[in-house]
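Report on the structure
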Amino acid sequence: MSNLVIRAASATDLDTITEIYADAVTHGTASYELEPPSRAEMGTRFATLTAGGFPYLVAEKDGAVLGYAYAGAFRPRPAYRFIVEDSVYVAPDAKGQGIGLQLMQALIAAAEAAGFRQIIAVIGDGHADSASVRLHEKLGFRHSGRLEGSGYKHGRWLDTVFMQLSLNGGASLPPDPVSLPERKFRGDKEELKN
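The present account deals with the structure reproduced in this document. (Residues numbered from 1 in each chain as written. Predicted model: local features only at pLDDT ≥ 70, side-chain atom pairs only at ≥ 80, totals over all residues. Heavy atoms only, no water.)

1. Points about the pairing of strand 6 (residues 142–153)
As a reminder, the rule being used: Pairing between two strands requires that DSSP report at least two bridges joining them. Secondary structure follows DSSP: runs of H or I at least 4 residues long count as helices, runs of E at least 2 residues long count as strands, and numbering of each begins at the N terminus.
Across 8 bridges, strand 6 lies against strand 7 (residues 156–166) in antiparallel orientation. Bridged to G145 within strand 7 is F162. Here strand 6 folds back onto strand 7 in antiparallel fashion, the turn holding 2 residues, of which H154 has a positive phi close to 55°.

2. Here we look at the packing of helix 1 (residues 14–27) against helix 2 (residues 39–51)
Here is the rule we go by: Helix axes are fitted only over the stretch in contact, all axes being lines through C-alpha atoms; the angle between N-to-C directions runs from 0 to 180 degrees. Each angle is binned into one of four classes, with values under 35 degrees roughly parallel, values over 145 roughly antiparallel, values of 65 to 115 roughly perpendicular, and all other values oblique. The contact definition used throughout considers only heavy atoms, calling two residues in contact when any of these lie within 4.5 Å. Charged means Asp, Glu, Lys or Arg here, nonpolar means Ala, Val, Leu, Ile, Met, Phe, Trp, Tyr, Cys or Pro, and polar covers whatever is left, Gly included.
Relative to each other, helix 1 and helix 2 sit at 110°, their axes nearing to 10 Å. As the angle between them shows, helix 1 and helix 2 are arranged roughly perpendicular. Counting all contacts with helix 1, which are made through L14, D15, I17, T18 and Y21, the residues of helix 2 involved are R39, M42, G43, R45 and F46. The residue makeup of the contact of helix 1 with helix 2, split by class, is 5 nonpolar, 2 polar and 3 charged.

3. Quick word on the pattern of salt bridges
Side chains that differ in sign of charge can pair as their charged atoms come close. So the rule is basically this: Any Lys or Arg side-chain nitrogen found within 4 Å of a carboxyl oxygen on Asp or Glu counts as a salt bridge. Partly exposed residues are those whose accessible area sits between 20% and 50% of the maximum for their type, while under 20% is buried and over 50% is exposed, using a 1.4 Å probe and protein chains only.
Evaluation of the coordinates by the stated rule reveals 8 salt bridges. A salt bridge links R39 to D15; the nearest nitrogen and oxygen atoms lie 2.9 Å apart. Taken together, the residues R39 in helix 2 and D15 in helix 1 connect sequence positions 24 residues apart. Accessibility expressed as a relative area gives 37% for R39, which makes it partly exposed. Residues participating in the shared-partner salt-bridge network are R7, D13 and E60.

4. Some points on unusual backbone geometry
Positive phi is not limited to glycine here, since D62 has a value of about 50°. Note that D62 resides in the loop between strand 2 (56–61) and strand 3 (64–73). On the basis of relative accessible area, D62 is assigned to the exposed category, the value being 65%. For D125, which is not glycine, the phi dihedral falls at a positive 55°. Within the fold, D125 resides in the loop between strand 5 (118–124) and helix 4 (131–138).

5. Digging into the nonpolar core
Here is the rule we go by: What makes a nonpolar core is a set of buried Ala, Val, Leu, Ile, Met, Phe, Trp, Tyr and Cys residues whose side-chain atoms join them at distances within 4.5 Å.
Formed by 47 residues in total, the largest nonpolar core has its most connected members in I17, Y68, I99, M104, I108 and F141. Broken down by element, this core gets its largest block of residues, 7 residues, from helix 3 (residues 99–114).

Below is the structure:
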């Protein structure tokens, strides 16, 4: 995919993002949502993430969005502020072309540049040969847990796999006071605009 471009997502991408996610919700087991969210709901989620400074990316080829990835807060409590959870979805017709890999490489770089210390993958239906598990393994994520029978979708019980990747020294170094999560925690509103 030599002319694939990974770029920041914009509100104009939300129709396609909503379609890609709707397919994943309807036909897949990676998301534990049972009904696809509306375009308005996807817009609210997008606005919340981007307003928080989290990376939200799309893969585009010849003007068509083929996939998207974003990182968001892992949990809302402030001690978790250095950890993000990733999500990556690829359009059905574009799977198997390396788009997810390129999106995740760019997402990891963006999360690292922002100063986050860990990226967590929470993978629904995370069996060993799942495309998402294999993708995360290829990127250096390590297995960090499994919740057995934690979701029920399409008539069967699903396991949830947790994987994580350390960034910026992980837990071996103290927090960086100029990182995005630390500035947000301190409330450096003016500095965040720059």
